[in-house]
Every structure is written in structure tokens, then in C-alpha cells.
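# Analysis of the macromolecular model
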Amino acid sequence: MTADSADQLNSDLALALELADLADAVSIGRFRAIDLDVQTKPDRSPVTEADLAVERAIRERLAAARPDDGILGEEFGTEGDGARQWIIDPIDGTANFLRGVPVWGTLISLAIDGVPVVGVASAPAMGRRWWAATGLGAWTTTSAAEAGASDAGTSDADAAGGEASVPGARRLQVSGVASLADASLSFQSLAQWRDAGYLDRLLALSERVWRDRAYGDLWSYMLLAEGLIDITGEFDVKPYDLAALIPIVEEAGGRFTAITGEPGPWHGSALATNGALHDEVLAALGDEA
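Residues numbered from 1 in each chain as written. Predicted model: local features only at pLDDT ≥ 70, side-chain atom pairs only at ≥ 80, totals over all residues. Heavy atoms only, no water.

### Concerning the packing of helix α1 (residues 3–28) against helix α2 (residues 49–65)
Short version of the rule: Fitted lines through C-alpha atoms serve as axes, helices being fitted only where they are in contact, and the angles separating the N-to-C directions of these axes extend from 0 to 180 degrees. Under the DSSP-based scheme used, a helix requires at least four consecutive residues in state H or I and a strand at least two consecutive residues in state E, with every element numbered from the N terminus. What sets the label is the angle itself: under 35 degrees gives roughly parallel, over 145 gives roughly antiparallel, 65 to 115 gives roughly perpendicular, and the rest give oblique. Crossing handedness: left-handed means the near helix sits turned counterclockwise from the far one by under a right angle, and right-handed means the same turn made clockwise. By definition, residues are in contact when any of their heavy atoms lie within 4.5 Å. Any residue outside Ala, Val, Leu, Ile, Met, Phe, Trp, Tyr, Cys, Pro, Asp, Glu, Lys and Arg is labelled polar, Gly included; the first ten of those are nonpolar and the last four are charged.
At a minimum axis separation of 9 Å, α1 and α2 run at an interaxial angle of 150°. Here α1 is positioned roughly antiparallel relative to α2, judged by the angle of their axes. Along this stretch, α1 crosses α2, giving a crossing that reads as right-handed. Two secondary-structure elements touch here, α1 through Leu15, Glu18, Leu19, Leu22, Ala23, Val26 and Ser27 and α2 through Ala53, Val54, Ala57, Ile58, Arg61, Leu62 and Ala65. Residues belonging to the contact of α1 with α2 are distributed by class as follows: 11 nonpolar, 1 polar and 2 charged.

### Overview of the layout of surface pockets
In plain terms, the rule: Detection works on a 1 Å grid of protein atoms alone, calling trapped sets that fit a 1.4 Å probe cavities and calling open sets with protein on both sides within 12 Å along at least five of seven lines pockets, with lining residues defined by an atom within 4 Å of a point. Grid points are joined across faces, edges and corners, and a volume is the space filled by probe spheres set on the points.
For the largest pocket, the calculated volume is near 800 Å³. Considering the residues around the largest pocket, the lining is formed by 29 residues, among which Ser45, Gln192, Asp217, Asp236 and Asp241 are closest to the centre. Sorting the residues of the lining of the largest pocket by element identifies β5 (84–92), α3 (94–99), α4 (190–195), α6 (217–225) and α7 (239–242) as the ones contributing at least two each. Partitioning the lining of the largest pocket into residue classes produces 9 nonpolar, 8 polar and 12 charged. In this structure, the second largest pocket occupies an estimated 170 Å³ of space. Along the walls of the second largest pocket sit Gly114, Val115, Pro116, Val117, Thr134, Ile246, Pro247, Glu250, Glu251, Pro263, Gly264 and Pro265, which together make up its complete lining. Counting residues per element, the ones that place at least two in the lining of the second largest pocket are β7 (115–123) and α8 (245–251). When the residues that make up the lining of the second largest pocket are grouped by side-chain class, the tally is 7 nonpolar, 3 polar and 2 charged.

See the structure below:
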């Protein structure tokens, strides 16, 4: 990476963190609001007024700050066709948001030539945020509950990088678990695996791991990046569900592909691991399993 490209990436990451601040201010104000407006989209998934307002706010800021960049957002589609594209999920976990469950967040990514290079996942109801950029590491804020506990990661405010540095940031690192028998697996939703024709393979894999749970949405990937679980996967996902998560997982030392092995957020499924287990899990879920 050249100095100029590193500077640009740092600037893009700083902007993504600014966008997350903007999104948080909009979304948290409508969380658990008794008059929250909820509609059903043509695909039968829910959308709230907060989803729409967050994406509008992000698009307005990007139009001012990066007018030549393209945008792909869950609620308002695609605009622009350049090599640089911001990929936005205004509220990942809308079903949780509308039920008052705090596991939801805004996902913001910048992809260059289709490869996510910046990712921010901000979960204001949990008081947490995670971010990364290619070559700059993956980072998180420390919650109030963690402040008095021992840090599992590296604390270095400046190491988060130039303009994107955040006081008290903690560097992320995936686990070193090397055996499926010791691994913790998050499968997100049994229905997804059933509808994709993979439920039998998931159940067989669950018999080989130490523990299985369904943490769901962005949370499972962030637990993976923090080294707290070792495998997570799901089906029926779109690029905006995954793009921001990829740099965070990969910069924390993990691997991220489709369940069928292809890289990137474009293939309708996701498998993220601590890296050491990835090939074994791909084989366990593959056509020859």
C-alpha cells in the first residue's frame, strides 16, 4: 500500500465513523418508540421509519463528502457505477429493532472494485462499535461493563490509524481454537439452513463442535472478530448484510467467504471463521459432506 492510498483509506475510514455517528443519532432516538411506524416491503421483510431515515441521512452526507462515489443501500437501491461504492445497511436486525431487542446496528462499508476495504458496524443500543480498514487492523470500543475488566485485546488509541483513531480503542483478534471439538458455532437461523437445503449438514456440524447457539445478525460476526466464538454462517443474505463485516473479520485475523467458498459479499451466503477452522468447515458443509 502506498502512502497516498493509505492516507485515502484512513480518510475513508474516518468518514465511515462519522457516518456511524450520524446514523446512531437518528436510530437510537426511535428505538422502542411507541409510535414507531413499521411497514412491510414486497419481499415481506419489515422496514421502519428509522431504517429509511438513517439511510437518507447517510446518503445526504456521502453526496456532500464523496460526490463521485456510488452507493448501494438496502432501502433505496443503487446509484452511481464507479469503482468506489459505499454499501449501507441502515439497520441490520430490523426485526430486533421493532421488537425492542437491542441487538441491531448500522453497517457501513466502502468497496473498491467490488472488494470491501472499509467496514463499520455500530450498535448504539448496546453501546458498541467495531471498525476496520484493509491494512489498518480491526478495532472496537470498550463498553462500560468492560471498562473495569481485563482487556482481551490490545489497547492503543493511536494505532487505530491517523484520522480514524478513537480514544480507548481496543484491537480485535480472532481466537486460536484449532479443533472443531473445541469450537463455538453460531448458525443464525435454522429456517435459513433448511430453506437452502443445508440443515442436515448444519446438524452434523453441530455434533462435531463444542457449543452451538444462534446469536444473530451482526452480533455473531463481531463475537467472532473478538475471539469469543469461532464459526458463524448463514444463508439468504444480501451484500449490504455482509460487506461491512468482511474487513472487520479479516483484519482481526479471520476468514470470510460464502458457504460455497467464494470470496466477497455477493453470493447469498456467508461463512466466517477464525481462519484455522475455515477449510475444515467448508469441507463439512460442502457437496461431498
